[in-house]
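If you want the building blocks of each chain, they are given just below.
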Amino acid sequence: MPRPVSLASLATAVPPHRVTQREAAEAAHGGFAARYDDFARLAAVFETSGIRTRHLVRPVEWYLQPLGWEARNAAYLEAAEALFIEAATAALERASLSAAEVDTVVTISSTGIATPSLEARVADRMGFRSDLERVPVFGLGCAGGVSGLGLGARLAAARPGSTVLVVAVELCSLSFRLDRLTKENIVATALFADGAAAAVLRAVDGPLTVEMAGQHSWPQTLDIMGWHVDDGGLGVIFDRAIPPFAEAHVAGAIEAILGRAGLTRAEVDRFACHPGGAKVITALERSLSLEQGTLDHEREVLAQNGNMSAPTALFVLARVLNAEPPPRTLLTAMGPGFTASCVSLQAAA
């Protein structure tokens, strides 16, 4: 970063409907078992996912009825606005700032369509200024929270003294599809959840500084992760197994990103990773030569919240920082593209 940018605060939010993994498995059985011959074998993912509970924007029963684009996106707009306000308000309060003091808002979301975008739809309720700069970002998926934090830091650095609010809101549950009898759709019902996170970045010195940010994209990997779009809404794409890809390729990508900043893996005190699933966490530990169990905060976030896509890595970061910020933390996530995104955070000595 050309100028110091501090992470002034970080806050998270989840919707009100809490579901246990057992309840989710029972609902999936009712929705798929009679129509999908291989369901019994695939249902094991509910037990092996590492998830105990999740939070959804609607009660489980809502997802078991016929739903199309209109109903799904109406739910997205209502719930995403509420979660945006909750997470953003909490982050600003922790930074002792008002919404009127925010100069730029970066909004990360890939699970619904909002035009005008979310920050515009909540502007009056939040109290944003009329000259607020809005930067809505779509399509980054699970990497969105990390990439958004890096983007926000660069925007803050460009204007010394400015304040940037980054908000990641994802409602992955709205992609649960009873009409798509596919392996990836059933796996998605066992993993995905809803949530939001917000961070305040300021172009001033502070106890926790954004040191650098970077990305690495692999060629010919568009099929690994993304959305299938049809009349029913968004449907998940998992055309290649992500854990073995992560184990084989993540370390090299991270080393390249760090190298561009003049850093090495040995100089990272704590990796904070997006927990896409239990197998992904294990694959990351192997790829990064970490002892099994090192990514403990990742496992606990996954267990309590499931995979919320973009905000999930920020939930992990919040736990890492609450425990006690290590000298250097590397926040990482993988997302559609297929892309690895990193942000390095350095604690003041």
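Residues numbered from 1 in each chain as written. Predicted model: local features only at pLDDT ≥ 70, side-chain atom pairs only at ≥ 80, totals over all residues. Heavy atoms only, no water.

1. Details of the pattern of salt bridges
Put simply, the rule is: Salt bridge, as used here, is a side-chain nitrogen of Lys or Arg placed within 4 Å of a carboxyl oxygen of Asp or Glu. A run of H or I in DSSP becomes a helix once it reaches four residues, and a run of E becomes a strand once it reaches two; helices and strands are each numbered from the N terminus.
Considering all chains together, one arrives at 17 salt bridges under this definition. One salt bridge in this structure joins E81 and R121, with 3.0 Å as the shortest N-O distance. Of this pair, E81 sits in helix α5 (residues 69–94) while R121 sits in helix α6 (residues 118–121), and the two are 40 residues apart along the sequence. Each of E81, R121 and R125 takes part in a single network of salt bridges with overlapping partners.

2. Examining the domain arrangement of the protein chain
What counts here: Domain delimitation follows an automatic or database domain assignment. We call two residues in contact when some of their heavy atoms are within 4.5 Å. Buried area counts how much accessible surface, traced with a 1.4 Å probe, disappears from two parts once they are put together, with both parts' losses summed.
Along its sequence, the protein chain is organised into domain 1 (5–203) and domain 2 (208–347). Of note, the centres of domain 1 and domain 2, computed from C-alpha atoms alone, are 17 Å apart. Contacts between domain 1 and domain 2 engage 55 residues on the former and 50 residues on the latter. Between domain 1 and domain 2, a total of about 4000 Å² is buried, with carbon and sulfur atoms accounting for 65% of that surface. Summed over the three residues of domain 1 that lose the most area to domain 2, namely W69, C142 and V146, the buried surface amounts to 18% of that side. There are 2 salt bridges connecting domain 1 and domain 2. R52 is paired through a salt bridge with E300; the nearest N and O atoms lie 2.8 Å apart.

3. Quick look at the packing of helix α11 (residues 278–287) against helix α12 (residues 296–305)
Convention followed: Every axis corresponds to a line fitted to the C-alpha atoms, with the helix fit spanning only the stretch in contact, and the corresponding angles, defined between N-to-C directions, vary from 0 to 180 degrees. By definition in this entry, angles of less than 35 degrees are roughly parallel, angles greater than 145 are roughly antiparallel, angles of 65 to 115 are roughly perpendicular, and the rest are oblique.
The contact between α11 and α12 brings their axes to 10 Å, and the two run at 170 degrees. Taken together, the axis directions place α11 and α12 in an arrangement best described as roughly antiparallel. Contact with α11, carried on its side by A278, I281, T282 and E285, involves E298, R299 and L302 of α12 and no other residues of that element.

4. Some remarks on helix α1 (residues 21–32)
Which entries qualify depends on this criterion: Helix span is expected to be 1.5 Å times the residue number reduced by one. Buried residues are those whose accessible area, probed at 1.4 Å on protein chains only, stays under 20% of the maximum for their type, while exposed residues exceed 50% and partly exposed ones sit between those limits. In this description, one arc is meant: the one made by directions from the helix axis to the C-beta atoms.
A rise of 1.5 Å per residue sets the reference length of α1, with its 12 residues, at 16 Å; its end C-alpha atoms lie 16 Å apart and thus fit the reference within 8%. Along α1, the residues that are buried comprise Q21, A24, A27, A28, G31 and F32. Burial along α1 is one-sided: seen end-on, the buried residues are contained in an arc of 120 degrees. Of the exposed residues in α1, the ones pointing more than 90 degrees away from its buried face are R22, E26 and G30. Tucked into the core, α1 has its buried residues touching β2 (17–20), α2 (39–42), α3 (45–48), β3 (53–56), α4 (60–63) and α9 (183–191).

5. As for the side chain of D194
The line we're drawing: For the purpose of counting charges, residues Lys and Arg are taken to be positive, whereas Asp and Glu are taken to be negative. His and the chain ends are not included. Pairing of N or O atoms within 3.5 Å defines a polar contact, subject to two protein rules: one partner must be a possible hydrogen donor and the other a possible acceptor, and residues neighboring in sequence count only if both atoms are side-chain atoms.
Residue placement: D194 occurs in strand β7 (residues 194–202). Buried D194, no salt bridge; nearest opposite-charge side chain is R58, N-O distance 8.2 Å. A polar side-chain atom of D194 sits 2.8 Å from the main-chain amide nitrogen of C172. Excluding its chain neighbours within four sequence positions, the residues that come into contact with D194 are V14, P15, H55, L56, V57, Y63, E170, L171, C172, S173 and M308.

6. Some thoughts on the UniProt feature "domain: Chalcone/stilbene synthase N-terminal" (unreviewed entry) in the protein chain
In plain terms, the rule: UniProt positions are given in the numbering used here, feature names are shortened, and annotations may be inferred rather than shown by experiment.
Here the UniProt feature "domain: Chalcone/stilbene synthase N-terminal" (unreviewed entry) sits at residues 45–202. With 41% helix and 20% strand, residues 45–202 has end C-alpha atoms that lie 42 Å from one another.

7. Brief notes about the packing of helix α10 (residues 242–260) against α11
The condition that has to hold: It is the rotation of the near helix from the far one that decides the hand of a crossing: anticlockwise by less than a right angle makes it left-handed, clockwise makes it right-handed. Throughout this entry, Asp, Glu, Lys and Arg are counted as charged residues, while Ala, Val, Leu, Ile, Met, Phe, Trp, Tyr, Cys and Pro are counted as nonpolar. The remaining residues, Gly among them, count as polar.
Interhelical geometry of α10 versus α11 gives an angle of 25 degrees and a closest axis separation of 8 Å. By the angle between their axes, α10 is roughly parallel relative to α11. Regarding α10 and α11, the two cross each other, and that crossing is right-handed. Contacts between α10 and α11 involve I242, P243, A246, E247, V250 and A251 on the former and, on the latter, K279, V280, A283, L284, R286 and S287. Looking at side-chain class alone, the contact of α10 with α11 contains 8 nonpolar, 1 polar and 3 charged residues.

8. Re the nonpolar core
Short version of the rule: Take the buried residues of types Ala, Val, Leu, Ile, Met, Phe, Trp, Tyr and Cys, join any two whose side-chain atoms come within 4.5 Å, and each joined set is a nonpolar core.
Ranked by size, the top nonpolar core spans 87 residues in total, and within it F84, F128, L165, V169, L171 and M334 carry the most contacts. Broken down by element, the residue count for this core peaks at 11 residues, all from α5. The residues that make up this core include at least three from each of domain 1 (5–203) and domain 2 (208–347). For M334, the contacting residues outside a window of four places in its chain are C142, A143, I242, A246, V250, V280, L284, T339 and A340. Residues L7, V301, L317 and A333 belong to the second largest nonpolar core, which totals 37 residues.

9. Examining the pairing of strand β13 (residues 339–347)
Cut-off, in case you're wondering: Strands are treated as partners if at least two bridges between them are detected by DSSP.
Along β13, 7 of the 9 residues are buried, which leaves the element largely enclosed by surrounding structure. Where strand β8 (residues 208–217) lies against β13, 9 bridges are found, and the strand directions are antiparallel. The residue of β13 that forms the bridge with H216 is A340. By the bridge criterion, 8 bridges tie strand β12 (residues 328–335) to β13 in an arrangement that is antiparallel.

10. Description of the state of the cysteines
What counts is decided by this rule: Any pair of cysteine sulfurs within 2.5 Å is marked as a disulfide.
Applying the stated criterion across every chain yields a total of 0 disulfides. Cysteine C142 is unpaired, with the sulfur of C172 as its nearest cysteine sulfur at 6.7 Å. For C172, a relative accessible area of 2% corresponds to the buried category.

11. Description of the UniProt feature "active site" (unreviewed entry) in the protein chain
Mapped onto this numbering, the UniProt entry annotates "active site" (unreviewed entry) at C142. Within the fold, C142 resides in the loop between β5 (133–137) and α8 (144–157). Not counting residues within four places of it along the chain, the set of residues in contact with C142 comprises M225, H274, N307, S309, A310, A333, M334, G335 and P336.

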